[in-house]
Amino acid sequence: MLDLNRLKALHAVAVYGSVGAAADALMVTPSAVSQQLAKLERETGATLLERNGRGVRLTDAAGLLADHAERILALVETAEADFEALRGEVVGRLSIGAFPTAARGLLPAALSHLHRRHPDLRLQLHEREPERQLREVSRGELDLAVVQDWGNRPLAVPEGLSRAQLFDDVADAILPASHPLADRSEIELSELSGEQWISSSPGTICHDWLVHTLRSAEFEPDITCMADEYPTHLALVAAGRGCAIIPRLGRDFIPEGVRVVPLRPRLVRKIYALWRTDAARRPAIRAAVEALRTASAAHQQPVEDHAAG
């Protein structure tokens, strides 16, 4: 009989393209993956990996077995979900991904709520950018993801995932107190044309969204400072190094010398929880979504969930 853990190792190599990347995804060492594959080769009597330059590639036999492994692992997950649903117990392991501001501003309260109500549930939190979370939830590496979806730059959600909208997170202009518009009750984004800007690093979803948003206001952003933490953005604004746009979930303490000014029209990102539709029967998934909604109540009233794929 084929060993499930060995099939999981082969499937991970097929998905990620190397033993090292598969080991990272499975949170084991490359040596452990290689050992599982060597045992699977002895078990099947087939060569599964061939040298390919400095790396390896799957043989035809391995590709065939990996295709079967994908279906087998999906069936195992469905069986586990059905069994948990039958027992109605919130138990087992639940891995949750969240983008950085949600990991800091939302997940601590949600995880505490889950632990108090379901102490036998083993929880893991992974800070991830939304695009990576989508891949990992689709592949079964994460059970649940908390992602952001900007109205003017929507996130493409793959088929086979369901989602619950948790709340709307509004972004405001962050200006130095000495700025001529700092005392306004609200401003239009176009009024900030010609300003210097503080942004996240290029290649991040926050940087790409800011550039897209400023260009949509018909001016080219002059980005002079880049940092990945919103508290750093606030400190740079306080120092007079530029303006920023920061969602309310990403703001903790507003330092002296900084003014928060609402924008017109509002810039809003929707915060979602995502999970595989096939796993929706798991009581742990339902309990986690409930905990996230409870934690979200401090930010905005939650809304109904709906299918995404």
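Just above sits the structure.
Described in the following lines is the structure provided in the data block. In this text, all values refer to a predicted model and were calculated from it rather than measured experimentally.

Evaluation of the coordinates by the stated rule reveals 18 salt bridges. Ionic pairing is found between Arg104 and Glu229, a salt bridge with its closest N-O pair at 3.7 Å. Taken as a pair, Arg104 in helix H5 (residues 100-105) and Glu229 in the loop between strand S9 (222-226) and helix H9 (230-238) lie far apart in primary sequence, 125 residues in all. Given a relative accessible area of 32%, Arg104 falls into the partly exposed group. Here Glu136 and Arg132 are joined by a salt bridge, their closest N and O atoms 2.8 Å apart. With Glu136 and Arg132 both in helix H7 (residues 130-139) and 4 residues apart, this pair spans about one turn of that helix. A residue is classified by how much of its surface remains accessible, and Glu136, at 9% relative accessible area, is buried. Here the salt bridges do not stand alone but share partners, grouping Asp3, Arg6 and Glu43 into one network.

Quick look at the nonpolar core now. If you look at soluble globular proteins, the nonpolar side chains tend to sit buried side by side. Counting residues in each nonpolar core, the largest one holds 30 residues, and the members touching the most others are Leu106, Leu107, Leu144, Val146 and Leu292. Breaking this core down by element, the ones donating at least two residues are strand S3 (92-98), H5, helix H6 (107-117), strand S5 (144-150), strand S6 (161-176), strand S13 (267-276) and helix H10 (283-296). Of all the elements, H10 adds the most residues to this core, at 8 residues. Those residues in contact with Val146, other than ones at most four positions away along the chain, are Gly97, Ala98, Phe99, Ala102, Leu106, Leu107, Gln133, Ile271, Tyr272 and Leu292.

Once that is clear, we can look at helix H1 (residues 4-16). Along its 13 residues, H1 runs 18 Å from first to last C-alpha, staying within 8% of the 18 Å computed at 1.5 Å per residue. Restricting attention to buried positions, one finds in H1 the residues Arg6, Leu7, Ala9, Leu10, His11, Ala12 and Val13. Two or three places before Asn5, at the opening of H1, Asp3 has a side-chain oxygen 3.0 Å from that residue's backbone nitrogen. Directly after H1, the chain includes Gly17, whose backbone phi takes a positive value near 90°.

On to the packing of aromatic side chains. Taken as a whole and assessed by the stated rule, the structure comprises 1 aromatic pair. Taking the centre distance of 3.9 Å and the plane angle of 15° together, the rings of Trp150 and Trp209 count as stacked. In this pair, Trp150 sits in strand S5 while Trp209 sits in helix H8 (residues 205-216), placing the two residues 59 residues apart along the sequence. Trp209 carries the same exposure label as Trp150, and that label is buried. A cation over a ring is seen here: Arg163 above Tyr272, with NZ or CZ 4.5 Å from the ring centre.

Quick look at H7 now. Within the sequence span of H7, burial applies to Pro130, Gln133, Leu134, Glu136 and Val137. Elements that come into contact with the buried residues of H7 comprise S3, S5, S6, H8 and S13. Phi turns positive, to about 90°, at Gly140, one or two residues after H7.

Parameters at a glance
Residues numbered from 1 in each chain as written. Predicted model: local features only at pLDDT ≥ 70, side-chain atom pairs only at ≥ 80, totals over all residues. Heavy atoms only, no water. Salt bridge = Lys/Arg side-chain N within 4 Å of Asp/Glu carboxyl O. Helix = DSSP H or I, 4+ residues; strand = E, 2+ residues; numbered from the N terminus. Buried < 20%, exposed > 50% of the residue type's maximum accessible area, 1.4 Å probe, protein only. Core = buried A, V, L, I, M, F, W, Y, C linked by side-chain atoms within 4.5 Å. Contact = heavy atoms within 4.5 Å. Expected span 1.5 Å × (residues − 1). Polar contact = N/O pair within 3.5 Å; in protein donor to acceptor, adjacent residues only side chain to side chain. Phe/Tyr/Trp six-rings, centres within 6.5 Å; stacked < 30°, edge-to-face > 60°. Lys NZ or Arg CZ within 6 Å of the ring centre and 35° of its normal.

Interpretation note: all reported values are geometric properties and have no functional meaning in isolation.
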